[in-house]
Each structure stands twice: as structure tokens, then as C-alpha cells.
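Results of the structural survey
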Amino acid sequence: MNRHLRWAVSVLGLSVLARLLWMLLSENGMNLVDLHVYVGGSAALLTDHLYDFTYAEKTPDFPLPFTYPPFAALVFFPLHYLPFTAVAVAWLLAIAAALYAVVHISFELMLGTETLHTPQWRAATVAWTAVGMWLEPVRTTIDYGQVNVFLVLGGMLAVRSSRWWVSGGLVGIVAGIKLTPAITGLYFVARRRWTTVLSSALVFGATVGLSFLIAPNEARQYFGTLLGDADRIGPVGSVWNQSLRGALSRILGDDVESGPWWIAAVLVVAVLAFLAWRALGPDDRLGTLIVVQLFGLMVSPISWSHHWVWLLPTVLWLVYGPLRSAPGARIMAGYWLVTMLVGVPWVLSFFQDSIWTISRPGVLAWLGAVDVLGVVVFYLWVIRSGRRRSGKEDGARVTAEGAAHGA
């Protein structure tokens, strides 16, 4: 093991140890409110009271309900048989391992498998995992005991595989656990992997069918009345909600819901996402995936700051991807790194008198759009930089062909 790899492993080990000690020794380290919901809610799966369950011990101002499909409760069901502390520790270690896999696959999609076998890139993978542990989306995922890193890994494993049944199965399963990862299907549409698209729909349908088979009343309640009820998930206007709807609502002073402001904004973002995708190279799998996932985060009614784990692969793509030499690439990467290390939504949360208050002073409302504005600028940058690179490549090709004919 070379010096750089040893250093990176040491930093990652200390990062995991610090989080573990905080969890076990600090007063609030075992709050893990979402993990409590997963464990406690899943225990109610077979009682017809899954969606009546709430966890309020640490969140008295907003008792947290179980908001995922019944299939998620089926996946989490075995956890309620185990001691919660054991589940919490295993959850933290699993998040760290999953984050390492996310970084590894990000590099693999950009650089290829062979390159990653060198000590230099092994050290880079470990080092970026250590950095990722302290970015707000991962920090809050660990604090809440959330599932986000696992869902990101599922999407990346799907993209990594060339087998349609593996890719489709993974997308269908993660969509069955939490609906929003279904946006990954757009990646396979963009890549024209139609068999994968079909298989993902079939697997997702199977998760729904299994839900109706095991817990028919809960399935009817979720897919019949609860699906799409954003108010049940949480306060739309809270600064923790970094979706397009959340940002617009805070700026305009009232919940825009799915009205004309939101529709217009979604159409603009959809056009920008499409043009950004078209500006990417045909072999840029990670870039395409990032464009799709950021679009999903923007248009979802609720995108809590801990949902934005996809920003770590975005930073890696900006630093090491095909557009890394384009003007502004390092600035974009720096923007995301700084805002995530600081945790802008976390800082701004101290200035909101209530999570239910939507209207904000102008400066706070615009600062609270940190991720939304970042994505819009990112799309515009990709469109410009991708077209410039394509133009240079076309020019170089014409020059080379001219030289060959002249010879």
C-alpha cells in the first residue's frame, strides 16, 4: 500500500469512527428519526395500520409518518426484530460502504475498470469517500438514518451493468422502495435501452403486485389516496426542501403547488436538461445519468437536502469527466463542494421561525434556492461547454482530413 493510499484509508477510517462515536456517545447521536420510522413503521405492515403510524419522540412539531410504498415496509420488515442500536451501527457502516461504491462506480464510468486498479486511483476513490462523509447530503442522511445513499448506489449499479435484466431489476426494485428513483428509467430511454426500460416497469409492477398480495389494504390506501400527497411528506416551504416547488414557494411567498408557476418552471428545466443531455458525448454515461437525476430532484415536490447525494458524482464528473478542461468546470465543482461542506440549507434553517412558514425575506428566499439555481447554471454550462467541445472536435477532424488529402 503506497503512502497516498495509506493516508486516504486513515482519513476515511477516522471519519467513520468519528461518526460512530458521535452516534453512540452524544446526546442526539441516536436520534435517527427516519430509521425509527422505517423500523417502527414496517412493524405495522401486517396490522393494516402502516399509514397510521407516526414517530414523534424527537419531532413533536411534526410526527413523522411512513411515506414509502408498502414494498419498502416489506424490505425493512426484518429490522424490527433486531436491537435498534445494532441496526443503527450497521446502517452507518453500510452507508459508508455504499458511498465508497458510489465513488468507485463514478470513476469507473468515467475512466474504465483498468485505470482504477492503479494505486493512484484507489487512493483517490478512498479519499473522495472520506470527503463525501462530510458533505451535507451524506451528513444528514447519516443523522436521520436515511436510505438515500443506498438508492443512489442502486441507480449507479443499474447504469454500470450491461445486462438488461440486472439494470431493469435494480431500477424496478429501488422505485418500489421509494418512487422517485424511477426517474432513472429516463437514462435508459436516453441510451435507447428499451428492453431495460420494459423490464424495469415490469419489476416495479411486480413490487406493487406483491404489496397487494401481502398487505392489500395498505396497498389500496397508498396507491389510491396517499400517492402524490406532498403535505403528508413534510412542509413544502421549509428550506430543507430544495426542489423547484420548494424554492419557488419561498420566493413567491406561498405554495405554488402544481400551478402555472411550477408548470412553467418545469418546462424550462426540462428543455435545459434535454439540451444538456444532447450536448454530452455519446459515451458519457455518468454525465447522462447526472443530468437525469438532477432533473428528477428538481421536479419532485419534495427534495430534502439529504436527497441530493447525486451532487457528489456531479463534483467527480466536473473534476475528472470529459468536460473537466472546459472553462468554469472547477468553479462549478467548487460551488457544489463549498455549499455542501457548509450545508447552506442547514445554516438557513436557523433563520426560519417554523418549518411550516413559507414566506421568507427576499435574501433568505434566494439563498434557499442554492441547489435549484446551481442546477440551472450547471445545465447552461454543460450546454455551452459541450457544444464548444463538439465544435472543436469537428474542426480538428476537418483539419486532419484536409491535411491527409493535401498529403
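In this report, the structure presented in the accompanying data block is examined. (Residues numbered from 1 in each chain as written. Predicted model: local features only at pLDDT ≥ 70, side-chain atom pairs only at ≥ 80, totals over all residues. Heavy atoms only, no water.)

**What about the overall build of the protein?**
In plain terms, the rule: The numbering of helices and of strands both runs from the N terminus, where a helix is a DSSP run of H or I of at least 4 residues and a strand a run of E of at least 2. Only C-alpha atoms enter the radius of gyration; for comparison, a globular chain is expected to reach 2.2 Å times N to the power 0.38, where N is the number of residues. Three exposure classes are used, based on accessible area relative to the maximum for each residue type with a 1.4 Å probe and protein chains only: buried under 20%, partly exposed in between, and exposed over 50%. The criterion used for residue contact is that any of the two residues' heavy atoms lie within 4.5 Å. Only the protein chains shown count as cover for residues, and the accessible areas themselves come from Shrake-Rupley with a 1.4 Å probe. Neither His nor the chain ends is counted toward charge; the positive residues are Lys and Arg and the negative residues Asp and Glu. For charged residues, the charge sits on one atom: NZ in Lys, CZ in Arg, CG in Asp, CD in Glu.
For the protein, the count of helices and strands is 20 helices and two strands. For the protein, whose C-alpha radius of gyration is 22 Å, the value lies close to the compact-globule estimate of 22 Å for 407 residues. The C-alpha extent of the protein, read off along each of the three principal axes, is 80 × 55 × 45 Å. Looking at the protein residue by residue over its 407 residues, the buried ones come to 54%. Intrachain contacts of the protein at a sequence separation of at least 6 include 75% that bridge at least 24 residues. Summing over all exposed atoms, the protein offers an accessible surface of approximately 18300 Å²; the carbon and sulfur share of this is 66%. Across the protein, the mean location of the 27 positive side-chain charges is 13 Å away from that of the 23 negative side-chain charges.

**Quick word on the packing of aromatic side chains**
Geometrically, a pair of aromatic rings is defined through the distance of the ring centres and the angle of the planes. Inclusion rule: Here the aromatic set is Phe, Tyr and Trp, taking the six-membered ring for Trp, and pairing holds for ring centres within 6.5 Å; pairs whose planes are under 30 degrees apart are stacked, those over 60 apart are edge-to-face, and all others are tilted.
A full pass over the atoms with the stated rule returns 23 aromatic pairs. Ring plane angle 75° and centroid distance 5.3 Å describe the contact between W121 and Y320, whose orientation is recorded as edge-to-face. With W121 in helix α5 (residues 119-132) and Y320 in helix α16 (residues 311-320), the pair connects residues that are 199 residues apart, well separated along the chain. For W121, a relative accessible area of 15% translates into the label buried. Measuring from centroid to centroid gives 6.1 Å for F212 and F223, while their planes differ by 25°, and the two rings are stacked. With a gap of 11 residues between them, F212 in helix α10 (residues 194-214) and F223 in helix α11 (residues 216-226) connect regions that are remote in the sequence.

Purely geometric stuff here, so don't read any function into it on its own.
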